[in-house]
Amino acid sequence: MPVIAWAVTAACLSGAATLLLTPAMIKAAYTFDWVDYPQADRWHATPTALMGGVAMYGAGALALLLLGPLAGAGTDVGLIGGGATLLFAVGMVDDLWGVGPTTKLAAQVGAAVLLMAAGHVFGPGWPLWVSGPVTLVWVIGITNAVNLLDNMDGLAAGIGGIAAVVLTALAAAGGALPAALLGGTVGGAALGFLWFNAKPARIFMGDCGSLVLGYGVAALAVMGQGAVAAGPGVAVLASICALAVPILDTTLVTVTRMQAGRSVADGGRDHTSHRLVSVGLPEQGAVGMLHGMGAVAGGTGLLALVVEPPLFYAACAFGTVALGVLGVYLERLDGHAAVRVGGDGAPRHPSTPWGGLGAWQREAVGLIGDALLVGGAFAAAYTLTGQGGPGSVPSIPFLEGLVLLGGAKLAVFAAMGLYRRLWRHAGTPGIARIVGTTLLAEATTAGGLVLVYGLGAVSGPLLMVDWLILTLGVLSSRLGLRGLQRAASLYKSHTASTESASNVLLYGAGERGMLALRALRDAGDSGRVPVGFVDPDPSKQNQVVQGLPVFGGTGACADLCREHDIDEVIVAVGDAAPHVEREVARQCAEVGVKCRSFDVQMKPLGAGREDPDHDEPVHGSLA
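Throughout what follows, the structure given in this document is the object of discussion. (Residues numbered from 1 in each chain as written. Predicted model: local features only at pLDDT ≥ 70, side-chain atom pairs only at ≥ 80, totals over all residues. Heavy atoms only, no water.)

In this section: the overall build of the protein. The secondary structure content of the protein amounts to 20 helices and 11 strands. Taking all 623 residues of the protein together, 47% fall into the buried category. Across the protein, contacts joining residues at least 24 apart in sequence account for 75% of those joining residues at least 6 apart. (Helix = DSSP H or I, 4+ residues; strand = E, 2+ residues; numbered from the N terminus. Buried < 20%, exposed > 50% of the residue type's maximum accessible area, 1.4 Å probe, protein only. Contact = heavy atoms within 4.5 Å.)

Shown next as structure tokens:
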């Protein structure tokens, strides 16, 4: 029977068994009081049944015991199943009575040793002294990452199921029967459990489920690496892509807690999912977004089966930068927003502020991101222009060209100040600086290539495509934070209810009005939601500016306040038009709406006082 058929059979069997066993576990949980009650550091607000992992483990064990011997994969599956059983037992004891982190770590080490005893190590072809420790770190890291990801209804089950499907496809494509069989079993159990675990969850998997699920996908990633026959590191990168979301979440939590002086092992509602809810997404939207990210990342991993290795490297580089930009944006929410659940009544729980990255750390992160962009752009251009195609004779050796171009371009970026600027508020001048810098960097590297390889070896199409891709990548990375912030503000302005936020009308669609709008959007926790502009200039009326409509002139303020349920009008026209302010204030008083003026001031500071945000632009104030 084909390998993919074994995987599908295992998925159907374990999924069906999970659907049958989980209702019984829900009843048993309430009978024996295996219930997870709300706590200050937990997300749910209602008592929920525990021990869903018993149904997942039982269904998976049934599938492997029946199909393993028939498929001839008994030894491999038996040893890995032993590791899963060890973690299941420790997780169940932890759910019932609690165990220390040392006990969990010892169980994870034992499970990793059983995986290696089955003949599977991380990194095909690596020396054992390298692959052995890396396998240990990988299994422990991914197991705990999935365990930490089990913080919202349906999140861990969905991410685990998606990762299992992707890794199973990779294994089946390479004919790795044990990995495909294990993948089908893990994926079927996770997706079957998702039916009961999606919001509103009827049961939680508990540690006895999340530890086993994490170990299952970690082992599956290691087992499937040998099945991907491609360039160096492709198999490793493909498995990492499948688990990008758990890796992102764990990295984000680890970095922010360490910066805040907190223990990484402490519980809390500062995960990726919680931060997305603080942006304004409902809980289902946050979980769905992470599921979508997992699917996209997994799809990137599957590109390894259909594209040339350089293109796959490029896709991984660009994806890493995109996740990095998202991570930086979400990390910044920690010090400014309190996490609150959307609609399930969970208590408000403020996040712990932290100091953030220092100047040199920001520059280091930017340098690493640009190195990935430079490498990815060159790899993509190298393949797209035929330099690295099958049977081609490249004019520039790939690795030598990559090192030369990369070093020269990063040096130009640093010299042009791309790492000493704040890009959150960058506008047209910033865009022009980026385009000019990348053009100068490309010209500099072209000169270097001529000196090293000669004029005839330099490919014009290669340099042109490389510059276009790199410019788009650098622009996206620099303006990505602003785009995410703007998208969040627009989302809030369309979804916030009048009970929790006040609708604001801005008078004046000129430069001062734009500055007032930016101030409102940057202060995302102010409770003010911009609805639109009012401007007496006929050329601006009936237009859309920064996503907001521009309405009629001064005399329309009262009518617009009634029509759009306005709570506050902010006048941003400057001191040159006091009569306008008086007229708008009169109309606001007529309809009982608050009226404020927007003013930009620079005040002298007293001796001994310092401006903590001296490198940030002045946004203005509402007087």
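Topologically, His271 is positioned in the loop between α10 (244–259) and α11 (272–279). Excluding residues within four positions of it along the chain, His271 makes contact with Leu148, Asn151, Asp249, Val253 and Arg257.

According to the stated counting rule, one finds 11 salt bridges in the structure shown. Between Arg562 and Asp559 there is a salt bridge, with the nearest N and O atoms lying 3.1 Å from each other. In this pair, Arg562 and Asp559 both sit in helix α19 (residues 557–563), three residues apart, roughly one turn of the helix. For Arg562, a relative accessible area of 49% corresponds to the partly exposed category. Accessibility expressed as a relative area gives 49% for Asp559, which makes it partly exposed. Sharing partners across several salt bridges, the network here consists of Asp559, Arg562, Glu583, Arg586 and Glu590. (Salt bridge = Lys/Arg side-chain N within 4 Å of Asp/Glu carboxyl O.)

Glancing now at the nonpolar core. Of all hydrophobic cores here, the largest spans 78 residues; its most connected members are Ile80, Leu115, Trp138, Leu181, Leu182, Tyr215 and Val217. Among the elements that make up this core, the one with the highest residue count is helix α8 (residues 207–225) (12 residues). Ignoring any residue separated from it by four or fewer positions in sequence, one finds Val217 in contact with Ile142, Val146, Gly160, Ala163, Ala164, Leu167, Val186 and Leu243. Counting 40 residues, the second-largest nonpolar core is a separate cluster that includes Val277, Tyr329, Leu475 and Ala488. (Core = buried A, V, L, I, M, F, W, Y, C linked by side-chain atoms within 4.5 Å.)

Here we take up the packing of aromatic side chains. Overall, the coordinates contain five aromatic pairs when judged by the stated rule. Between the aromatic rings of Phe32 and Trp34, the centroid separation amounts to 5.1 Å while the plane-to-plane angle is 25°, which identifies the pairing as stacked. Among the residues examined, Phe32 registers a relative accessible area of 54% and is labelled exposed. For Trp34, a relative accessible area of 23% gives the class partly exposed. Seen in terms of ring centroids, Phe122 and Trp138 are 4.9 Å apart; in terms of plane orientation they differ by 45°. Their pairing is tilted. Taken as a pair, Phe122 in the loop between α4 (101–117) and α5 (128–149) and Trp138 in helix α5 lie far apart in primary sequence, 16 residues in all. One aromatic cluster is present, built from ring pairs that chain together Phe122, Trp126 and Trp138. (Phe/Tyr/Trp six-rings, centres within 6.5 Å; stacked < 30°, edge-to-face > 60°.)

Its location among the elements puts Gln587 in helix α20 (residues 578–591). Among the residues examined, Gln587 registers a relative accessible area of 3% and is labelled buried. A distance of 3.0 Å separates the side chain of Gln587 from the backbone nitrogen of Ala558, its partner in a polar contact. (Polar contact = N/O pair within 3.5 Å; in protein donor to acceptor, adjacent residues only side chain to side chain.)

Of note, the bond from Lys199 into Pro200 is cis; its omega dihedral lies within 30 degrees of zero at -5°. Examined against the element boundaries, Pro200 turns out to sit in the loop between α7 (177–197) and α8. Here Asp33, not a glycine, exhibits a phi torsion of approximately 60°, which is positive. Positive phi outside glycine occurs at Met51, with the angle close to 70°. Relative to the assigned elements, Met51 resides in the loop between β2 (48–49) and α2 (52–71). Here Met51 falls in the buried class, since its relative accessible area comes to 1%.

A word on the environment of Gln587. Gln587 sits 30 residues away from Cys557 along the chain, and the two C-alpha atoms are 6.6 Å apart. Among the polar contacts made by the side chain of Gln587, one reaches the main-chain amide nitrogen of Cys557 at a distance of 3.3 Å.

What follows is about helix α6 (residues 155–173). Structurally, the α-helix is built with 3.6 residues per turn, so residues lying three or four positions apart point the same way. In a regular helix each residue adds 1.5 Å, so 19 residues correspond to 27 Å; α6 covers 27 Å between its end C-alpha atoms and thus fits that length. Among the 19 residues that make up α6, 15 are buried, leaving the element largely enclosed by the rest of the structure. (Expected span 1.5 Å × (residues − 1).)

Further remarks concern α2. The terminal C-alpha atoms of α2 lie 28 Å apart, and with 20 residues this matches the ideal 28 Å at 1.5 Å per residue to within 8%. By the burial criterion, the buried members of α2 are Gly52, Gly53, Ala55, Met56, Ala59, Gly60, Ala63, Leu64, Leu67, Gly68 and Ala71. Among the residues trailing α2, Gly72 stands out with phi positive, at a value near 75°.

Attention shifts here to a nonpolar patch on the surface. Residues Leu303, Leu305 and Val306 make up a contiguous nonpolar surface patch of roughly 260 Å² in combined accessible area. Relative to the helices and strands, Leu305 is located in the loop between α12 (283–302) and α13 (309–332). (Patch = residues over 30% accessible without salt bridge, like charges linked within 9 Å, V, L, I, M, F, W, Y side chains within 5 Å. Areas by Shrake-Rupley, 256 points an atom, 1.4 Å probe, with all protein chains shown as cover.)

Helix packing for two helices is described by the angle between their axes and how far apart those axes are. Running from N to C, α5 and α10 point in directions that differ by 85°, and their axes come no closer than 9 Å. As summarised for this structure, α5 and α10 are arranged roughly perpendicular, according to the angle between their axes. Residues Trp138, Ile142, Ala145, Leu148 and Leu149 of α5 touch α10, and the partners they reach there are Pro246, Ile247, Asp249 and Thr250. (Axes fitted to C-alpha atoms, helices over the stretch in contact; angles between N-to-C directions. Parallel < 35°, antiparallel > 145°, perpendicular 65-115°, else oblique.)

Bringing the pairing of strand β5 (residues 502–507) into the picture now. Each regular strand displays side chains that alternate between the two surfaces of the sheet. In terms of burial, β5 is largely enclosed, as six of its six residues are buried. Because side chains alternate across β5, one face comprises the buried residues Ser502, Val504 and Leu506, and the other comprises Asn503, Leu505 and Tyr507, equally buried. For β5 and strand β6 (residues 528–534), the ladder comprises six bridges, and the chain directions are parallel. In the strand pairing of β6, Asn503 is matched with Val529. Inspection of the sheet shows β5 paired to strand β9 (residues 568–571) by four bridges, in the parallel sense. When the bridges of β9 are listed, Tyr507 appears paired with Val571. (Pairing = 2+ DSSP bridges.)

Summed over the entire model, instances satisfying the criterion amount to zero disulfides. Counting only cysteine sulfurs, Cys588 is the nearest neighbor of Cys557, a cysteine outside any disulfide, at a range of 6.1 Å. For Cys557, a relative accessible area of 1% puts it in the buried group. Cys588 forms no disulfide, and the closest cysteine sulfur to it belongs to Cys595, at a distance of 4.1 Å. Taking relative accessible area as the criterion, Cys588 reaches 0% and is therefore assigned buried. (Disulfide = S-S within 2.5 Å.)

With that out of the way, let us pick up the packing of α4 against α8. Taken N-terminus to C-terminus, the directions of α4 and α8 make an angle of 30°; their axes are 11 Å apart at the nearest point. Between α4 and α8, the angle is such that the two are roughly parallel. The interaxial crossing formed by α4 with α8 has right-handed handedness. Note on element contacts: α8 touches α4 through Asp207, Leu211, Tyr215, Ala219, Val222 and Met223, opposite Lys104, Gln108, Ala111, Ala112 and Leu115. Taken together, the residues of the contact of α4 with α8 break down into eight nonpolar, one polar and two charged. (Left-handed = near helix turned anticlockwise from the far one by under 90°. Nonpolar A, V, L, I, M, F, W, Y, C, P; charged D, E, K, R; others polar.)

Don't take any of this as a statement about function, it's just geometry.
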